[in-house]
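A look at the structure
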Amino acid sequence: MTTQFSVADIELTLHRYPNNQESNLQAWDAADEHLIKHVTEIAQPAVNTAIINDNFGALTASLTSMEQQWPMLVETDAKTSQLGILQNLAQNQLSSENIQWFNSRDIMPTSIELVLMKLPKNLTYFAHQLNRLSQVLPAGTQVFIGAKAKSINQSLLTLLAKNLGPASASLTWKKTRVITCVSDGNIRALPKSVNWSIPELTLEINNISNVFAASKLDIGARIMLDNMPKGDFTSIIDLGCGNGILGLHAKQVFPKAYIHFVDDSEMAVESARQNWQLNQLDTDGLVGEQATFDWDDCLTHLSEAIRPDLILCNPPFHQGEAITDHIAWQMFLQSWRALKNGGILHVVGNRHLAYHVKLQRIFKNCTTVASNGKFVILQAQKISKKAEVHEAELIEPSDIAENAQPSEPHPQSGLYGGKS
Ligand SMILES: C[S@@+](CC[C@H](N)C(=O)[O-])C[C@H]1O[C@@H](n2cnc3c(N)ncnc32)[C@H](O)[C@@H]1O
């Protein structure tokens, strides 16, 4: 894997975030290179620029290295992107003082003169981002969008015209193109969130545009809802909460519990917050806030005051477009650290992902609670032991990845032995 980004006269060292993840993936792609090549070829002056969907800082660090004072507004929905951009600026001795940070719901200022953007995978979210831009960009403002050539077609150009202004694509370079869209100055209304319900649980769900399970319940989440753990839990984390479905139902099952929702996506955290209010889940007689909502990379910044006795987790198996198991790894490790002694991590996963290998390694125990043809629910308990002894026994994710034998049954977990 290369970490040396080299375009025009710009030389940077860039890592994905977190930078200890076991992956052969780069921190940027050819569409980032194409955007920066384009900016240098047109000798773009350092005007007030919005940078949108910069995964790990290739765009932000390139502009900063071209002109230290280049004024930038950086918009991202992902906490890991924000942390990755900061990490790569620091790694390249570049300042972040010229940056104003925005999430994808903040109202942007009207002072933006140029936009550099990566095409996200989720086109509903993309349309939402264009609508936001339409509210602040004066007519004639250029928006450069880097994308794989195969993702660009007439319907994408039509989507751009509908939501922001006329667009045309460059010639192909390294299988990518740069689309130039010119704002037509017409303000579009922001899209409404999508609503759906789970009648048997009397839950109403709102999903903002970049939230997992956009219009219906995920099948992994469904099997979790049908198999909630038994116990008298009082502090529960919904880790990677999405719209909050697992934590919302946990509150129905354990009314005395305080629920902590965490997600990398700011829109997910906001959806969970809205859904908590929508479903009026506060229980009479409990002191203080019964739910907290954190935009974070797993449990990296979890308050020391929160010591959960249950963590519910439907982990992601990709980061952006990259398939990876490092987030599941991080979620399991940080869960072990956060849980009270005796506390439980309750996980759902696609059978072939073999999460039992990781859980067994970290927790030294793992039980299959339920399974069907495709998914398994696994439970691991934090067993009282000196933390430092346990930490010393934890081995690197790479070792575990090599040792994982997803196709073989795991003797202690009883995996693959459940009903299917
Ligand atoms: C498979 S979805 C599960 C969503 C929801 N819990 C459900 O069951 O429908 C995984 C969630 O993990 C979130 N996620 C991805 N990377 C994360 C990270 N580093 N830290 C926290 N959450 C993350 C995603 O944004 C997504 O909402």
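Residues numbered from 1 in each chain as written. Predicted model: local features only at pLDDT ≥ 70, side-chain atom pairs only at ≥ 80, totals over all residues. Heavy atoms only, no water.

Moving on: the overall build of the chain. Along the backbone of the chain there are twelve helices and 20 strands. Over its C-alpha trace the chain gives a radius of gyration of 23 Å, about what one expects of a compact globule, namely 22 Å for 420 residues. Taking the principal axes of its C-alpha atoms as reference, the chain extends roughly 60 × 45 × 40 Å. Every one of the 420 residues in the chain was classed for burial, and the buried ones make up 55%. Pairs at least 24 residues apart make up 72% of the contacts formed inside the chain by residues separated by at least 6 positions. For the chain, the accessible area works out to roughly 18500 Å², and carbon and sulfur atoms hold 51% of it. Measuring between centres, the 33 positive side-chain charges of the chain sit 7 Å from its 42 negative side-chain charges. (Helix = DSSP H or I, 4+ residues; strand = E, 2+ residues; numbered from the N terminus. Rg over C-alpha atoms; globule rule 2.2 N^0.38 Å. Buried < 20%, exposed > 50% of the residue type's maximum accessible area, 1.4 Å probe, protein only. Contact = heavy atoms within 4.5 Å. Areas by Shrake-Rupley, 256 points an atom, 1.4 Å probe, with all protein chains shown as cover. Lys, Arg positive; Asp, Glu negative; His and termini not counted. Charge placed at Lys NZ, Arg CZ, Asp CG, Glu CD.)

To continue, consider the site of the ligand. In the region of the ligand, 18 residues are neighbours, and Gly 240, Asp 263, Asp 297, Cys 298 and Asn 314 sit closest. At 3.1 Å, a backbone N or O of Asp 264 approaches a nitrogen atom of the ligand. The contact in question runs from a nitrogen atom of the ligand to an N or O atom on the side chain of Asp 297, over 2.9 Å. Computed on the free molecule, the ligand has an accessible area of 600 Å², of which 91% lies beneath the protein chains in the complex. Sorting the residues of the shell around the ligand by element identifies α7 (245-253) and α9 (326-338) as the ones contributing at least two each. Class assignment of the residues belonging to the shell around the ligand gives a composition of ten nonpolar, four polar and four charged. (Near = heavy atom within 4 Å. Polar contact = N/O pair within 3.5 Å; in protein donor to acceptor, adjacent residues only side chain to side chain. Nonpolar A, V, L, I, M, F, W, Y, C, P; charged D, E, K, R; others polar.)

In space, the seven strands of this open sheet follow the order β5-β4-β3-β6-β7-β9-β8, with mixed pairing throughout. Where the open sheet ends on each side, the last strands, each with one partner, are β5 (99-102) and β8 (167-169). On average, each strand axis in the sheet is tilted by 20° relative to the strand beside it, whichever way the strands run. Taken together, the four bridges between strand β3 (residues 49-52) and strand β6 (residues 114-118) define a ladder with parallel strand orientation. (Pairing = 2+ DSSP bridges. Axes fitted to C-alpha atoms, helices over the stretch in contact; angles between N-to-C directions.)

Right, let's get into the packing of aromatic side chains. Enumeration over the complete set of coordinates arrives at five aromatic pairs. Taking 5.0 Å as the distance between ring centres and 5° as the angle between the ring planes, the aromatic pair formed by Phe 261 and Phe 293 counts as stacked. You can see Phe 261 sitting in strand β13 (residues 258-263) and its partner Phe 293 sitting in strand β14 (residues 291-295), a full 32 residues away along the chain. On the accessibility criterion, Phe 261 (0% relative accessible area) is buried. Under the relative-accessibility criterion, Phe 293 is labelled buried at 17%. Pairwise contacts between aromatic rings join Phe 261, Trp 276 and Phe 293 into one cluster. Positioned above the aromatic ring of Trp 173, the side-chain terminus of Lys 37 is 5.0 Å from the ring centre. If you follow Lys 382 out to its NZ or CZ, it ends over the ring of Trp 336, 4.6 Å from the centre. (Phe/Tyr/Trp six-rings, centres within 6.5 Å; stacked < 30°, edge-to-face > 60°. Lys NZ or Arg CZ within 6 Å of the ring centre and 35° of its normal.)

As a further point, take the domain arrangement of the chain. Segmenting the chain into domains produces domain 1 (4-182) and domain 2 (194-403). Each of domain 1 and domain 2 has a C-alpha centre, and these two points are 31 Å apart. Of the roughly 2000 Å² buried between domain 1 and domain 2 on both sides combined, carbon and sulfur atoms contribute 52%. At the boundary of domain 1 and domain 2, one finds two salt bridges. Of the charged contacts in the structure, one is a salt bridge between Glu 270 and Arg 105, with a shortest N-O distance of 3.6 Å. Listed by contribution, the elements that provide at least two residues to the side of domain 1 that touches domain 2 are α3 (79-91) and α4 (123-134). With four residues, α3 is the largest single contributor of residues to the side of domain 1 that touches domain 2. (Domains from an automatic or database assignment. Buried area = accessible area lost by both parts, 1.4 Å probe. Salt bridge = Lys/Arg side-chain N within 4 Å of Asp/Glu carboxyl O.)

Another aspect to go through is the packing of α4 against helix α5 (residues 154-163). Orientation of α4 relative to α5, taken along the N-to-C sense of each, is 35°, at an axis distance of 9 Å. Crossing of α4 over α5 shows right-handed handedness. On α5, the residues that touch Leu 123, Phe 126, Ala 127, Leu 130, Asn 131 and Ser 134 of α4 are Leu 156, Leu 159, Leu 160 and Asn 163. (Left-handed = near helix turned anticlockwise from the far one by under 90°.)

Most of β6 is tucked away: five of the five residues are buried. The alternating pattern of β6 places Leu 114, Leu 116 and Lys 118 on one face and Val 115 and Met 117 on the opposite face, and all of these are buried. Here β6 runs beside strand β7 (residues 142-148); their pairing, made up of five bridges, is parallel. The residue of β7 that forms the bridge with Lys 118 is Gly 146.

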